[in-house]
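# An overview of the molecular structure
So you can see what is in the structure, the chains are spelled out below.
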Amino acid sequence: GYYGDLALDFKDRYTASVLVRRDGSSLFGPLNRWHTYKRLAGAWLLSREPWLEGKLPGINELKVRYAMGEAGGRPGYGQAVERWSVSREDGLRRENAGNPSLRPQFTREHEVGIDLIAFNNRVQLELVRAWQRTKDQIILIPATVITGYASANANAAVVEGRTYEATLT
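The structure reproduced in this document is the subject of the present report. Every value quoted in this text rests on a predicted model; they were computed, and no experiment measured them.

## Section: the overall build of the chain
Looking only at helices and strands, one finds zero helices and nine strands in the chain. Taken over C-alpha atoms, the radius of gyration comes to 24 Å for the chain, far larger than the 15 Å a tight globule of 169 residues would show. Restricting the contact set of the chain to residue pairs at least 6 apart, pairs at least 24 apart contribute 55%. Counting only carbon and sulfur atoms, one obtains 56% of the accessible surface of the chain, whose full area is about 11,300 Å². Here the chain holds 23 positive side-chain charges and 19 negative ones, and the gap between their average locations is 3 Å.

Structure below.
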């Protein structure tokens, strides 16, 4: 894999970051081996604005921030290939059909936060709201009877989540 990252700062109160990443994995079939992901982030240090500077008693720093990031999850080592078993009772038996067309599980997460530092840098408060969605989750599904396999792996599920965090230091 490889990536490019750009970080920007303007007037010591506006920051931005852009990252693009290209990942490859041999755990996927040839058509799904490479994928591109990105991250965007920005922050605004309100306490450094001339119109607000010194007008918040006891507040050393007040920052609002946002970030969006993407990632891909890989399958387990054996999920893309067929699996057979051998036993005394059953002999040679088909277990899992595998799936050479598996795609990465794709997650996109958003995060919004407020950071506050106060009382001569003695107290720090961080409030965060994050939400994410993962699609194309790799799950085990029943295989069609005609294949002779009991199961197969497929990109077939979506999971969403929300998180609220508060940290006081």
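## A short note on the environment of Ala 71
Its place among the elements puts Ala 71 in strand β4 (residues 59-73). Remark: the alpha-carbon pair of Ala 71 and Gly 29, spanning 42 residues in sequence, is separated by 18 Å. Excluding residues within four positions of it along the chain, Ala 71 makes contact with Arg 21, Tyr 37, Gln 105, Phe 106 and Thr 107.

## Focus: unusual backbone geometry
One non-glycine residue, Asp 12, adopts positive backbone phi at about 55°. Classification of Asp 12 by relative accessible area gives partly exposed; the value is 46%. The phi torsion at Asn 121 lies on the positive side, around 65°, for a residue other than glycine. Judged by its relative accessible area of 58%, Asn 121 is exposed.

## Comments concerning a nonpolar patch on the surface
A contiguous nonpolar surface patch, about 390 Å² in accessible area, is contributed by Leu 6, Leu 8, Val 18, Val 20 and Leu 40. When contributions to the nonpolar patch are tallied by element, the ones reaching two or more residues are β1 (2-10) and β2 (14-24). Mapped onto the elements of the fold, Leu 6 is located in strand β1.

## A short note on the pairing of strand β7 (residues 105-118)
As judged from the 14 bridges shared by β4 and β7, these two strands associate in the antiparallel manner. Its bridge partner being in β7, Val 64 is matched across the sheet by Ile 114. Across 13 bridges, the pairing between β7 and strand β8 (residues 123-142) is antiparallel. By the bridge assignment for β8, Phe 106 is matched with Lys 135. Hairpin connection of β7 to β8: four residues between the antiparallel strands, including Phe 119 at a positive phi of 55°.

Definitions and limits used
- Residues numbered from 1 in each chain as written.
- Predicted model: local features only at pLDDT ≥ 70, side-chain atom pairs only at ≥ 80, totals over all residues.
- Heavy atoms only, no water.
- Helix = DSSP H or I, 4+ residues; strand = E, 2+ residues; numbered from the N terminus.
- Rg over C-alpha atoms; globule rule 2.2 N^0.38 Å.
- Contact = heavy atoms within 4.5 Å.
- Areas by Shrake-Rupley, 256 points an atom, 1.4 Å probe, with all protein chains shown as cover.
- Lys, Arg positive; Asp, Glu negative; His and termini not counted.
- Charge placed at Lys NZ, Arg CZ, Asp CG, Glu CD.
- Buried < 20%, exposed > 50% of the residue type's maximum accessible area, 1.4 Å probe, protein only.
- Patch = residues over 30% accessible without salt bridge, like charges linked within 9 Å, V, L, I, M, F, W, Y side chains within 5 Å.
- Salt bridge = Lys/Arg side-chain N within 4 Å of Asp/Glu carboxyl O.
- Pairing = 2+ DSSP bridges.

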